[in-house]
Amino acid sequence: MTITTAPTASSTATARAVLDAAFPTGLGAFVSGRIVPGGGETITLTAAATGEAFASYADPGAEGADALLQSATAGAAAWGRLNGFERAAILRNVSRAVEQHTEELAILESATTGKPIRDARAEAAKVAEMFGYYSGWADKLTGQTIPVPGNWHTYTERVPWGVVVAITPWNAPLFTAGWNSAAPLAAGNAVIIKPSEFTPASSVRLAQIAYEAGLPAGVFNVAAGLGQTVGAALTTDPRVGKVSFIGSVPTGRRVAVAAAQAGIPALLELGGKSANIVFADADLDRAADGAISAIFSGAGQSCVAGSRLLVQRSVHAEFVEMVAAKAALLRVGDPLDTETEVGPIITARQFATVTGLIDAGLDDGGRRLTGADLPEALRGSALRGGHWVMPTLLDGVTAENRLETTEVFGPVVGADAFDTEAEAVARANNTSFGLAGAVWTSDVSRAHHVAREVKAGTFWINAYKTIHVAVPFGGFGDSGHGRSSGPGVLDEYTQAKAVWVPTRAADSPFPSLSY
Ligand code: NAD
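Criteria and cut-off values
- Residues numbered from 1 in each chain as written.
- Predicted model: local features only at pLDDT ≥ 70, side-chain atom pairs only at ≥ 80, totals over all residues.
- Heavy atoms only, no water.
- Helix = DSSP H or I, 4+ residues; strand = E, 2+ residues; numbered from the N terminus.
- Rg over C-alpha atoms; globule rule 2.2 N^0.38 Å.
- Buried < 20%, exposed > 50% of the residue type's maximum accessible area, 1.4 Å probe, protein only.
- Contact = heavy atoms within 4.5 Å.
- Salt bridge = Lys/Arg side-chain N within 4 Å of Asp/Glu carboxyl O.
- Phe/Tyr/Trp six-rings, centres within 6.5 Å; stacked < 30°, edge-to-face > 60°.
- Polar contact = N/O pair within 3.5 Å; in protein donor to acceptor, adjacent residues only side chain to side chain.
- Near = heavy atom within 4 Å.
- Areas by Shrake-Rupley, 256 points an atom, 1.4 Å probe, with all protein chains shown as cover.

Looking at this structure, how should I read the overall build of the protein?
Of regular secondary structure, the protein possesses 17 helices and 19 strands. In summary, the protein has a C-alpha radius of gyration of 24 Å against a globular reference of 24 Å for 515 residues, a match within 12%. The buried share among the 515 residues of the protein stands at 56%. Sequence-distant contacts in the protein: of pairs separated by 6 or more residues, those separated by 24 or more amount to 74%.

Just to check I follow, could you spell out the pattern of salt bridges for this structure?
Inspection of the entire model under this criterion finds 24 salt bridges. Where E212 meets R205, a salt bridge forms, and the shortest distance between an N and an O atom there is 4.0 Å. For E212, a relative accessible area of 55% puts it in the exposed group. Residue R205 is classed as buried on the basis of its relative accessible area, which comes to 5%. Across the pair K326 and D285 runs a salt bridge whose closest N-O atoms are separated by 3.0 Å. Of the two residues, K326 sits in helix α12 (residues 313-328) while D285 sits in helix α11 (residues 284-296), which places them 41 residues apart along the sequence. What makes K326 partly exposed here is its relative accessible area of 22%.

Is there a simple way to explain the environment of A382 in this structure?
Tracing the backbone through its elements, the reader meets A382 in the loop between α14 (376-379) and β14 (392-395). For the pair A382 and T50, spaced 332 residues apart in sequence, the C-alpha separation works out to 6.7 Å.

Please explain the side chain of T392 as it appears in this structure.
By secondary structure assignment, the location of T392 is in strand β14. Take T392: its relative accessible area is 0%, and that puts it in the buried class. When neighbours within four sequence positions are excluded, T392 is seen to be in contact with F296, I358, R368, T370, G371, P411, V412 and V413.

Can you help me understand the packing of aromatic side chains in this one?
For any two aromatic rings, the description comes down to two numbers: the centre-to-centre distance and the angle of the planes. According to the stated counting rule, one finds eight aromatic pairs in the structure shown. Consider the rings of W170 and F409, whose centres lie 5.3 Å apart with planes at 75°: the pair is edge-to-face. Within this pair, whereas W170 is found in the loop between β6 (163-167) and α6 (173-179), its partner F409 is found in the loop between β14 and β15 (412-418), the two being separated by 239 residues in sequence. As far as burial versus exposure is concerned, W170 and F409 are alike and both buried. Ring geometry for W179 against F473: centres 6.2 Å apart, planes inclined by 90°, an arrangement best described as edge-to-face. With a gap of 294 residues between them, W179 in helix α6 and F473 in the loop between β17 (458-461) and β18 (480-481) connect regions that are remote in the sequence. With respect to burial, W179 and F473 carry one shared label: buried. What links up through ring pairs into an aromatic cluster is the set F175, W179 and F473.

What exactly am I supposed to notice about the side chain of S181 here?
Counting through the fold element by element, S181 comes out in the loop between α6 and α7 (182-186). A distance of 2.7 Å separates a polar atom in the side chain of S181 from the backbone oxygen of A177.

It is not clear to me how the environment of S196 should be interpreted in this structure. Could you clarify?
Position of S196 relative to the elements: it lies in the loop between β7 (190-194) and α8 (201-212). For the pair formed by S196 and A223, sequence separation is 27 residues and the distance between their alpha carbons is 9.4 Å. Dropping the residues within four chain positions of it, S196 is found in contact with T168, P169 and W170.

Which parts of the structure should I look at to understand helix α1 (residues 12-22)?
Every α-helical turn comprises 3.6 residues, leaving residues that sit three or four positions apart pointing alike. Of the positions making up α1, those classed as buried are T12, T14, A15, V18, L19, A21 and A22. On the buried face of α1, the contacting elements are β3 (42-46), β4 (53-58), α4 (102-113) and α8.

For this particular structure, what's the right way to read the environment of A399?
Along the chain, the position of A399 falls in the loop between β14 and β15. Residue class for A399 comes out partly exposed when judged on its relative accessible area of 29%. As a C-alpha pair, A399 and R427 span 28 residues in sequence and 7.3 Å in three-dimensional space. Contacts of A399, omitting those with residues within four sequence positions, involve E404, R427 and N430.

What should I look at first to understand the site of the ligand in this one?
Close to the ligand lie 26 residues, the nearest being K194, E197, S248, L270 and E407. Separating a nitrogen atom of the ligand from a backbone N or O atom of A232 is a distance of 3.5 Å. In this structure, E407 approaches the ligand through a side-chain N or O atom, which is 2.6 Å from an oxygen atom. Contact with the protein chains covers 89% of the free accessible surface of the ligand, which is 860 Å². Listing elements by their share of the shell around the ligand, those giving two or more residues are α9 (227-234), β9 (242-246) and α10 (249-261). Sort the elements by how many residues they give to the shell around the ligand and α9 lands first, with three residues.

Here is the structure:
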């Protein structure tokens, strides 16, 4: 790609130019080390910042899935022939290559998705870190030697599934492509990333960079295309060992059922409706900054977004005013401007969902404290047609309000007051989700007690949103199951094989058992 410095303004033309620079022969699937144009339905990409179409590409369809699976099956065999030290060396090179391409990947991500460039830069750097972290594990996957009765030497080895298919959403395409490929690759699998049809570009470019850094052809493939065609074909094919899915609850369930019927296990990372609990004894200024970051970074298009703000009654009025005042100062605008903190909603469909849910929250009794009008700078610019939603805080969002339990996936937080710790915990758990949450307090015992009581895969005390690839991440309930990071994920992407050897054959009779 030839772009080395950030374009200065988001526009439909900029998005088109950035995409053309990355893929001079056009966008397509990444199969066996090259871009392969699809033969199916045309998919139009729309610039979130302008609302205008800027490019299109063709869906690979079910036929394209076959080529991807052939590629990945051959890739898995080639990758499996390397030992852990060889895989580690190549993944270290991938990490370095991603680091060298951080700025390019960030510009591509920002221009094609509308994600603020400052966030895109941080996420691209995180992807390099993911490959670095898991490269360190590739040569450390050990089994166990297990004592058993009798004269046996019994041990286990970790065996990769072969082909892992990872379905990813549109809110963090590059980040989730890295998160869901580095670990399975380190464990010895080949991967096929199926990015959202709305945001495929950075995943394809990541796979290209990994290939150029020495990953053998077929080990990292990208199925740029539709969920119901190539996605469905990939999650039900017997050549697939395991599926990981990141996305919405209904689609995740559909994918998991279809995969299960084909005998394929699925790891699910779904949505959330996380509670951010603020006690009166908290550092309120820091808690307000945390509440802002929890819901408005990424324009709320974040699975762990702190979309419910529960504030102890004695400081409730003061605190929500603080948050509203800080929200009103957030810089909303051009994603490619390094000052921008909040970008547009990435897809038109999601924009309609978010605005509809704000109306529902108001209908159900919420009072808007901030978030109505677009700034003049947006209204009067080429960006006026974009999918903009101003950071929105509704107060008085009670347990009966639809915003209590419905994931918005946009910059919308519902606040309410509570009196006791037990009440706060009950409200936090008043959802079928269980992804994340936080508590703000200076009482250390209460902090740990609340952390224990709230149903969440990730919980922060006096903090919000920090995650790291070294730490397990995943949900309870409707937020999914399985953990997609940390050392434990290497067990998700391998299976144990047990090997039995009699050390004194004469003393090791053949048992008459039937299982
Ligand atoms: P989505 O469920 O609409 O789509 C996710 C992916 O599934 C896309 O790539 C889509 O093409 C694919 N898909 C659709 N139908 C399919 C099918 N039949 N077979 C195979 N694949 C299919 O989700 P989205 O709207 O892209 O993302 C938003 C959701 O993702 C939110 O609910 C959010 O909370 C969740 N999310 C969760 C996490 C997490 O780690 N828990 C992270 C990011 C986003």
